[in-house]
Each structure stands twice: as structure tokens, then as C-alpha cells.
Amino acid sequence: MSMYCYQCQEASKGEACTLTGICGKDSEVSRLQDVLLYAIKGLAWVNNVAREKEINEKTTDRFIVQCLFSTITNANFDGNVFISRIKEALEIRDETRLELEKETKFELIPEAATWFATTKEEFLRKSDNVGVLAENNEDIRSLKELLIYGIKGMAAYLEHANVLGYENNEIDAYIHKGLAESLREDIEVNDLISLILEAGKFGVDTMALLDKANTDMYGSPELTKVKTGVRNNPAILISGHDLKDIEILLKQTEGTGVDVYTHCEMLPAHYYPAFKKYDHFVGNYGNAWWKQKEEFESFNGPVLLTTNCLVPPKDSYKDRVYTTGVVGFDGLKHIDENNGDKDFTPLVEHAKKCQPPTQIEDGEIIGGFAHAQVLALADKVVDAVKSGAIKKFVVMAGCDGRSKARDYYTQFADALPQDNVILTAGCAKFKYNKLDLGDIGGIPRVLDAGQCNDSYSLALIAMKLKEVFGLEDINDLPVVYNIAWYEQKAVIVLLALLHLGVKNIHLGPTLPAFLSPNVAKVLIENFGIGGISSVEEDIHSMILEG
């Protein structure tokens with residue numbers, strides 16, 4: 001096989017992509033990503049020692065985080081980026097190791113901390129020995145990959161916080177420890193389980209850090225109605241998750257006659273008070289990330305991808321797609337950072353030459369129910385629960401995707417009893433956030449907290465309800481978890497929920513391919529993790545009987 005990747009829900013045949021990725025990633029890029037991951041594991045091992053000697057560089061911490069983020073599903077498809085980052089990782093690693101060797105004698109140093117190469121051909125040869133299948137023990141391999149994918153998701157959220165100037169040395173230290181420990185050939189199952197549970201703890205810390213960064217900078221999300229129609233002006237469409245990028249873009253487009261619309265996971269930017277002052281911040285265009293081939297086509301203007309969720313673009317609109325941050329694709333124009341700022345002038349000038357967006361719908365979406373907004377409504381919510389007007393909260397956070405099986409989530413939401421309220425975050429909401437599900441005493445039946453990282457808000461809401469109702473166990477709340485997953489950020493959200501003590505989470509549309517039968521059994525027996533079946537069966541077992 002030319003590659004082996006099973007880090008996302010769309011792994012081919014429910015097992016692994018071995019020729020080319022369902023995401024569009026070719027085998028060469030996949031193998032280079034494997035080598036980059038190996039290189040930063042070696043760098044992390046060396047950097048752990050540097051941290052002990054108090055000579056660690058923050059730039060190294062940030063570099064490792066960005067490298068991890070770039071390997072997430074649908075983030076970067078540009079082989080040249082990975083070649084460059086492998087070289088840089090080896091260079092930083094060796095500079096740090098040589099500095100340490102002046103005072104430290106290393107023993108049992110892993111090969112990842114000494115291996116060296118300089119060419120793409122050498123990197124590709126190395127990939128044969130350092131990919132997923134380099135670990136022969138199926139259960140150890142499964143646990144190692146679960147750990148790494150959790151760390152990748154954690155790194156993505158940490159990078160968003162870092163961009164806003166918020167850092168946490170303990171989170172960086174854990175990331176490096178987890179990467180380094182994954183190199184151990186003698187590591188045992190219990191060691192890995194301990195590291196994975198620790199990842200959940202630091203996942204909570206990371207999402208809390210990002211929540212603080214976002215709310216400190218832009219205010220707490222508030223109840224907002226977002227338009228889905230269009231105006232007759234040239235426009236820019238911004239997708240991804242990075243709020244700093246949309247802040248810069250809105251400032252640079254002000255007074256230019258160019259409107260700005262959000263797409264997919266950037267929709268929640270409308271909920272932040274700081275962005276409401278911009279009259280040209282018009283609304284949301286389209287749906288979840290996987291529909292971008294049609295929606296980027298009809299948008300007519302330039303599109304900016306700020307984080308993962310890029311689908312390889314069609315030639316018909318490829319010249320209108322720009323990337324920034326960790327995102328990359330061969331042939332697309334990339335906007336680099338310069339001293340903390342970015343110049344989006346090329347997009348503005350490009351937009352002025354384009355036709356206004358073609359309208360594809362006309363309505364509005366209601367959102368902004370992050371923890372501050374929901375807690376402001378706490379009395380109303382509690383009264384509705386006590387009166388029996390609300391019988392259950394159904395957490396349907398997570399990801400959307402191409403699979404026809406994901407229509408299950410639309411049908412499940414539509415079939416829920418009228419006394420159930422959906423709590424959501426992430427692009428999974430696009431499966432049901434445009435359904436007319438009504439409200440319960442003025443409380444909308446879909447409470448959208450925001451992006452996938454805002455699953456933290458849902459956890460805070462649950463913990464507050466536990467306190468209000470005087471419960472000992474969070475699992476005694478009238479809350480059901482029916483979560484859709486797609487990529488590695490969903491993995492760290494899952495681990496974070498497990499750390500908070502949440503049990504009986506249903507995960508779909510399929511359980512991860514990287515879970516071996518034995519590892520899946522451990523998760524089922526210890527945490528009640530389960531899959532999904534039919535809408536009728538799950539409504540009965542989760543809602544009516546649960």
C-alpha cells in the first residue's frame with residue numbers, strides 16, 4: 001500500500017485509506033505527514049529535556065503546535081509545506097540537542113531524536129518505517145493513535161488561543177510528553193490509558209484557555225439572528241475557525257464596498273459583540289464544509305480558508321481561493337503573517353472584480369447560546385425543567401460530513417419529542433439548524449453554542465445544571481449525548497467529556513476505525529461509549545426509556 005491513514009471518520013471501507021485519502025490527500029502528502037509527525041516526536045523528546053534544564057524556547061512550543069495542526073484532516077495538502085517543516089523540525093531538534101549535550105550525557109536516546117535526512121526522496125523512504133503500521137501490536141497501536149489524535153485536536157485549539165496571545169506552559173509540556181512517550185517501544189497498555197485520560201484533562205484546560213481568549217478579546221457570545229440571504233455587493237467568504245483572521249479581514253474591508261460573509265464553522269463569529277459593529281458583515285452563506293464545491297462556485301467572490309476543512313478546490317473557482325495559517329494546497333495563494341498581522345488586500349481587490357454572490361437561500365439562523373448566554377437564562381431553563389416543559393437536553397455536538405449515513409442526525413433531530421431541547425456546537429448543527437423545530441416557552445429547541453471548541457460551553461452548562469439541581473453525578477442530569485464525529489478535534493472533545501465524568505456517549509455515524517476491538521471494549525465497559533442504530537430505535541432507547 002502507498003499510504004495508511006485512518007484518523008478521520010471517512011476512512012475507506014471503515015478501515016483505512018491506503019491509495020489516496022477520501023479527503024483528497026494523496027499518498028505522498030500522507031507519507032510526508034507521517035514523517036513530520038515522527039520528526040516532531042523526536043523534537044518533543046529533546047525539548048522535554050530542554051524544559052527540565054529551563055532552556056526551552058517558546059518558539060519551539062508554537063512550532064510543534066502548528067506542525068500538529070497542519071496534519072489534521074482537510075488542513076494542508078501541500079507536500080512542499082511538509083518537506084519544509086520536516087527540515088525545520090530536524091534543524092531545531094539538532095540545535096537543541098547539541099546545546100544540551102554540552103552538559104548532558106544522553107542514554108537510551110530514541111532514533112527519532114537522532115535520525116537525519118535532507119531530501120524528499122529520503123523522507124519518503126523513511127515513511128515506510130514510521131507510519132501507523134510501524135507498531136505491530138494492534139492494541140498498543142490503537143491506543144497510541146487515540147493519544148496522538150487527541151493531541152492533534154488539542155494543538156488545533158491551542159493554536160487559536162496562541163494567535164490571540166494566550167499561552168499555557170503546562171499544556172505545551174503535556175503535548176511534548178505525550179509525543180515523546182508515544183516513541184517508547186516498551187510502553188504498556190496502562191501507561192497509554194493514563195496518558196489518554198490525561199489528554200482529556202488538558203483538553204478541558206485548552207478549551208477553557210481558548211474560551212477565555214475569545215471572550216476577553218471579542219466579548220461573550222450572545223443570542224443573535226444571522227441572515228442567510230445576500231446583498232448586491234461584491235463580497236469575500238471566510239471559512240474555518242480563526243477569529244483573529246476575521247477581525248483583521250473586517251477591519252481591512254471596512255469602507256471598501258466589499259461585504260463579508262461567513263461559511264461553516266465561522267458562522268459563530270456573528271455571535272460575538274465585537275464584530276457586530278461592522279455593517280458590511282452581512283451574514284452566513286451556505287452550509288457545512290463538505291458542500292463548499294457547490295457553494296464556493298456560486299459565491300462568485302474570493303474565499304479565505306483560515307483553518308482545516310478545505311476540500312480540494314475545483315479548477316472553475318480555484319483562482320478565487322486563498323489560504324492562511326496552517327492551511328495549504330498546491331497552487332492556491334497563501335497569505336502569510338507578518339509581525340502578528342496579515343495583509344488581505346489581494347482578496348479585497350479580487351472581490352471588487354467579481355460579481356455579487358448568487359443567492360442560494362433566504363432566511364435566518366439563531367445562535368449564540370454559549371455558557372454566558374445560557375446561564376443568563378438559567379432561571380427560565382430551570383423553571384422549564386421543573387415544570388416538565390423540558391424533559392431532556394440532547395447534546396448533538398460535533399462534526400458534519402459527506403456520508404449519507406449522516407442524514408440520521410437530521411432525522412433524529414426532527415423526530416425528537418417536542419419537550420426535548422438540542423444543545424449543539426460544531427458543524428454538526430448544519431444537519432438541523434435550519435429545521436423549524438420551534439421553541440419551548442421562548443427557549444429555542446436548538447441552542448447553538450458555536451464552534452466545535454465551544455463544546456466546552458456545553459460542559460459548563462451541564463455542570464451548572466448539576467449544581468442547580470443538587471446532583472452528585474453529572475450523569476444524573478436529563479442529558480443525552482448523541483455526538484457526530486469526523487476528525488481529530490472531535491477526538492479531544494470526546495476525551496475532555498470523559499475526563500469530566502460524562503458516560504454513555506453515543507458516537508456516530510460509525511465508531512473510529514483506529515479503535516481496535518479490545519480498545520473499543522475498554523471504552524464501552526468503562527465509559528459506556530456506544531454507536532448509533534436507527535432513528536426509531538435510538539429515540540426509544542435514548543429518549544423514551546433513558
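Computed from a predicted structure; not experimentally measured.

Turning to the overall build of the protein chain, a few remarks are in order. Across its full length, the protein chain holds 17 helices and 15 strands. Here the C-alpha atoms of the protein chain give a radius of gyration of 23 Å, agreeing with the 24 Å that 2.2 N^0.38 yields for 546 residues. With the C-alpha coordinates aligned to their principal axes, the bounding extent of the protein chain is approximately 70 × 60 × 45 Å. Counting across all 546 residues of the protein chain, residues that qualify as buried make up 61%. Of all intrachain contacts in the protein chain linking residues separated by at least 6 positions in sequence, the fraction that spans at least 24 positions is 74%. A total accessible area of about 21,400 Å² is found for the protein chain, and carbon and sulfur atoms account for 47% of it. Considering the protein chain, the positive charge centre built from 56 side chains and the negative charge centre built from 81 side chains are found 2 Å apart.

Before going further, it helps to spend a moment on the pairing of strand β9 (residues 392–395). Burial along β9 is two-sided: the face carrying Lys392 and Val394 and the face carrying Phe393 and Val395 are both buried. Crossover connection from β9 via helix α13 (residues 407–415) to parallel strand β10 (residues 420–424): handedness right-handed. Note that β9 and strand β14 (residues 479–484) share three bridges and pair parallel. Bridge pairing in β14 links Val395 to Tyr481.

On to the pattern of salt bridges. Throughout the structure, instances matching the rule amount to 35 salt bridges. Arg97 is paired through a salt bridge with Glu101; the nearest N and O atoms lie 3.3 Å apart. Glu101 sits in the partly exposed class, given a relative accessible area of 38%. A salt bridge links Asp191 to Arg184, with the shortest nitrogen-to-oxygen separation between them at 3.6 Å. On the basis of relative accessible area, Asp191 is assigned to the partly exposed category, the value being 31%. Since its relative accessible area comes to 25%, Arg184 is described here as partly exposed. If you follow the salt bridges from partner to partner, you end up with Arg51, Lys58, Asp61 and Asp172 in one network.

The next subject is the side chain of Lys152. Mapped onto the elements, Lys152 comes out in helix α5 (residues 138–163). Buried and without a salt bridge, Lys152 has Asp34 as its closest oppositely charged side chain, separated by 6.6 Å. Those residues in contact with Lys152 that lie beyond four places of it in its chain are Gln7, Leu68, Thr71, Ile72 and Gln488.

With that settled, the discussion passes to the packing of helix α2 (residues 58–70) against helix α6 (residues 169–181). It is at 11 Å that the axes of α2 and α6 come closest, and there the two elements cross at 60°. Judged by the inter-axis angle, α2 sits oblique to α6. Between α2 and α6 the crossing geometry is left-handed. On α6, the residues touching Lys58, Asp61, Ile64, Val65 and Leu68 of α2 are Asn169, Asp172, Ile175, His176 and Leu179. Taken together, the residues that form the contact of α2 with α6 break down as five nonpolar, two polar and three charged.

Below, the discussion takes up helix α14 (residues 455–468). For α14, built from 14 residues, the straight-helix expectation of 20 Å at 1.5 Å per residue is met to within 8% by its first-to-last C-alpha distance of 20 Å. Immediately beyond the C-terminal end of α14, within one or two residues, lies Gly470, with a positive phi of roughly 65°.

Attention shifts here to the packing of aromatic side chains. A full pass over the atoms with the stated rule returns 19 aromatic pairs. Aromatic side chains Tyr285 and Phe299 sit 5.1 Å apart centroid to centroid with 75° between the ring planes, which places their arrangement in the edge-to-face category. Of this pair, Tyr285 sits in the loop between β4 (281–284) and α9 (292–299) while Phe299 sits in helix α9; the two residues are 14 residues apart in sequence, bridging distant segments of the chain. Classification of Tyr285 as buried rests on a relative accessible area of 0%. These aromatic residues form a ring-pair network of at least three members: Tyr4, Tyr6, Tyr149, Trp485 and Phe514. One cation-aromatic arrangement involves Lys201 over Phe202; the distance from NZ or CZ to the ring centre is 4.3 Å. The ring of Tyr322 carries Lys333 above its face, with NZ or CZ at 4.9 Å from the centroid.

Let's shift gears to the pairing of strand β3 (residues 259–262). Along β3, one buried face is formed by Asp259 and Tyr261 and the opposite face, lined by Val260 and Thr262, is buried too. Relative to β3, strand β2 (residues 235–239) runs parallel, the two sharing four bridges. Residue pairing in the sheet places Ile238 in a bridge with Thr262 of β3. Read from β2 through helix α8 (residues 243–253) to β3, the crossover connection turns out right-handed. Pairing of β3 with β4 involves three bridges; the strand directions are parallel. In the strand pairing of β4, Tyr261 is matched with Gly283.

Let us now look at the sheet that holds β10. One open sheet holds the five strands; their spatial order is β13-β10-β9-β14-β15, and the pairing between them is parallel. Two strands in the sheet have a free side with no partner beyond their single neighbour: β13 (446–448) and β15 (506–508). Looking at each pair of strands side by side, their axes are set apart by 20° on average, direction ignored.

Pairing between the strands of a sheet comes from backbone hydrogen bonds, and it takes one of two forms, parallel or antiparallel. In space, the six strands of this open sheet follow the order β4-β3-β2-β5-β6-β7, with parallel pairing throughout. Two strands lie at the open edges of the sheet, namely β4 and β7 (333–335), each paired on one side alone. Each adjacent strand pair in this sheet contributes to an overall mean axis angle of 30°, direction not counted. Each of β2, β5 (303–305), β6 (321–324) and β7 touches helix α10 (residues 345–352); the most contacted strand, β2, lies at about 135° to it.

In this section: the environment of His241. Structurally, His241 can be placed in the loop between β2 and α8. On the accessibility criterion, His241 (3% relative accessible area) is buried. As for His241 and Ala413, which are separated by 172 residues in sequence, their C-alpha atoms are 25 Å apart. Polar contacts involving the side chain of His241 include one to the side chain of Lys489, which spans 3.0 Å.

Quick look at helix α17 (residues 535–544) now. For α17, the full list of buried residues reads Val535, Asp538, Ile539, Met542 and Ile543. On an axial view of α17, the arc spanned by its buried residues comes to 105°, and they lie on one face. Away from its buried face, by an angle of more than 90 degrees, α17 presents the exposed residues Glu536 and Leu544. On its buried face, α17 sits against β9, α13, β10, β14 and β15.

About the cut-offs
- Residues numbered from 1 in each chain as written.
- Predicted model: local features only at pLDDT ≥ 70, side-chain atom pairs only at ≥ 80, totals over all residues.
- Heavy atoms only, no water.
- Helix = DSSP H or I, 4+ residues; strand = E, 2+ residues; numbered from the N terminus.
- Rg over C-alpha atoms; globule rule 2.2 N^0.38 Å.
- Buried < 20%, exposed > 50% of the residue type's maximum accessible area, 1.4 Å probe, protein only.
- Contact = heavy atoms within 4.5 Å.
- Areas by Shrake-Rupley, 256 points an atom, 1.4 Å probe, with all protein chains shown as cover.
- Lys, Arg positive; Asp, Glu negative; His and termini not counted.
- Charge placed at Lys NZ, Arg CZ, Asp CG, Glu CD.
- Right-handed = clockwise from strand over helix to strand, strands pointing away.
- Pairing = 2+ DSSP bridges.
- Salt bridge = Lys/Arg side-chain N within 4 Å of Asp/Glu carboxyl O.
- Axes fitted to C-alpha atoms, helices over the stretch in contact; angles between N-to-C directions.
- Parallel < 35°, antiparallel > 145°, perpendicular 65-115°, else oblique.
- Left-handed = near helix turned anticlockwise from the far one by under 90°.
- Nonpolar A, V, L, I, M, F, W, Y, C, P; charged D, E, K, R; others polar.
- Expected span 1.5 Å × (residues − 1).
- Phe/Tyr/Trp six-rings, centres within 6.5 Å; stacked < 30°, edge-to-face > 60°.
- Lys NZ or Arg CZ within 6 Å of the ring centre and 35° of its normal.
- Polar contact = N/O pair within 3.5 Å; in protein donor to acceptor, adjacent residues only side chain to side chain.
- Arc of directions from axis to C-beta.

The quantities given are spatial measurements derived from coordinates; they are silent on function.
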